[in-house]
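# Architecture and fold: a report
One-letter residues, chain by chain:
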Amino acid sequence: MEVSKIYLKNPITHEAVNELILGILKIEKPALLLLNFGDHNFESLKVLKYCKEKLQENEMALKKFEKIAMVSVPPYRNPDKDQMKYFHSEQEAEEWLRRM
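### Looking at the nonpolar core
In this structure, I12, L20, I24 and L33 are the most contacted members of the largest nonpolar core, which totals 19 residues. Those elements giving two or more residues to this core turn out to be α1 (14-26), β2 (32-36) and α2 (45-57). By residue number, the principal contributor to this core is α1, which donates five residues.

Here it is in structure tokens:
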């Protein structure tokens, strides 16, 4: 099965979201869809919200695909340093700080 791929130019703008939707609607034989959001660098929160709304508005077009994969940047990883680390909870952070 052929994979249809759409790449969004970063920073992602309203125009880029509109192009994304048009690209999806132009696919003649929907089967597998890969949406690559690149660095996931939206110009603003308004653009991110706009993207979500446009994808929801075009839900019927998206349902024609068997599968859809979205690619974005991996989560931030901790630096390999003993002096500074990032945590997902305050409790973990405090435990690490108190360790000698």
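### Looking at the sheet that holds β2
Strand pairs in the sheet, formed through backbone hydrogen bonds, run parallel or antiparallel to each other. As summarised here, the arrangement of the three strands in space is β1-β2-β3, forming an open sheet in which the pairing is parallel. Pairing within the sheet leaves two strands with one partner each, and these edge strands are β1 (3-7) and β3 (67-71). Each adjacent strand pair in this sheet contributes to an overall mean axis angle of 15°, direction not counted. Alignment of β2 against β3, held across five bridges, turns out to be parallel. Bridging across to β3, L32 finds its partner in K67.

### Considering unusual backbone geometry
A cis geometry characterises the amide bond from N10 onward to P11, with omega recorded as 0°. Mapped onto the fold, P11 is located in the loop between β1 and α1. In this model, H40 sits at a positive phi of 55°, which is unusual for a non-glycine residue. Within the secondary structure, H40 sits in the loop between β2 and α2. Under the relative-accessibility criterion, H40 is labelled partly exposed at 37%.

### Section: the packing of aromatic side chains
Summed over the entire model, instances satisfying the criterion amount to one aromatic pair. Residues F37 and F42 carry aromatic rings whose centres are separated by 6.2 Å and whose planes lie at 35° to one another, so their mutual orientation is tilted. Just as F37 is buried, F42 falls in that class too.

### Things to note about the packing of α1 against α2
In the contact formed by α1 and α2, the axes pass within 9 Å of each other and the chain directions differ by 15°. Comparing the axis directions of α1 and α2 gives the class roughly parallel. In this structure, the crossing between α1 and α2 has a hand that is right-handed. Of α2, the residues touching α1 (which contributes H14, V17, N18, L20, I21 and I24) are K46, V47, Y50, C51, K54 and L55. Per-class residue counts for the contact of α1 with α2 are eight nonpolar, two polar and two charged.

Here is what the cut-offs are and how they apply
The numbers attached to residues start from 1 for each chain and follow its sequence in the written order. Only residues with pLDDT of at least 70 get local features here, since the model is predicted, and only at 80 or more are side-chain atom pairs given and counted; chain-wide, interface and lining totals rely on the full set of residues. Water and hydrogen atoms were dropped before computing side-chain values, which therefore reflect all heavy atoms in the structure. The term nonpolar core refers to a set of buried residues drawn from Ala, Val, Leu, Ile, Met, Phe, Trp, Tyr and Cys, joined through side-chain atoms within 4.5 Å. Each residue gets one of three labels from its accessible area relative to the maximum for its type: buried under 20%, exposed over 50%, partly exposed in between, using a 1.4 Å probe on protein chains only. In this text, helices come from DSSP runs of H or I with a minimum length of four residues, and strands from runs of E with a minimum of two, each type numbered from the N-terminal end. Between any two strands, at least two bridges found by DSSP are needed for them to pair. Each axis is a line fitted through C-alpha atoms, and for a helix only the stretch in contact is used; angles between axes span 0 to 180 degrees, taken between their N-to-C directions. Within 6.5 Å between ring centres, the rings of Phe, Tyr and Trp (the latter by its six-membered ring) count as paired, and their orientation is classed by plane angle as stacked under 30 degrees, edge-to-face over 60, tilted in between. The labels follow the angle: roughly parallel below 35 degrees, roughly antiparallel above 145, roughly perpendicular from 65 to 115, and oblique for the rest. For any helix crossing, the convention is left-handed if the near helix is rotated counterclockwise from the far helix by under a right angle, and right-handed if that rotation is clockwise. Any two residues whose heavy atoms approach within 4.5 Å are treated as being in contact. Amino acid classes used here: Ala, Val, Leu, Ile, Met, Phe, Trp, Tyr, Cys and Pro are nonpolar; Asp, Glu, Lys and Arg are charged; the rest, including Gly, are polar.

Spatial relationships are all this shows, so hold off on functional conclusions.
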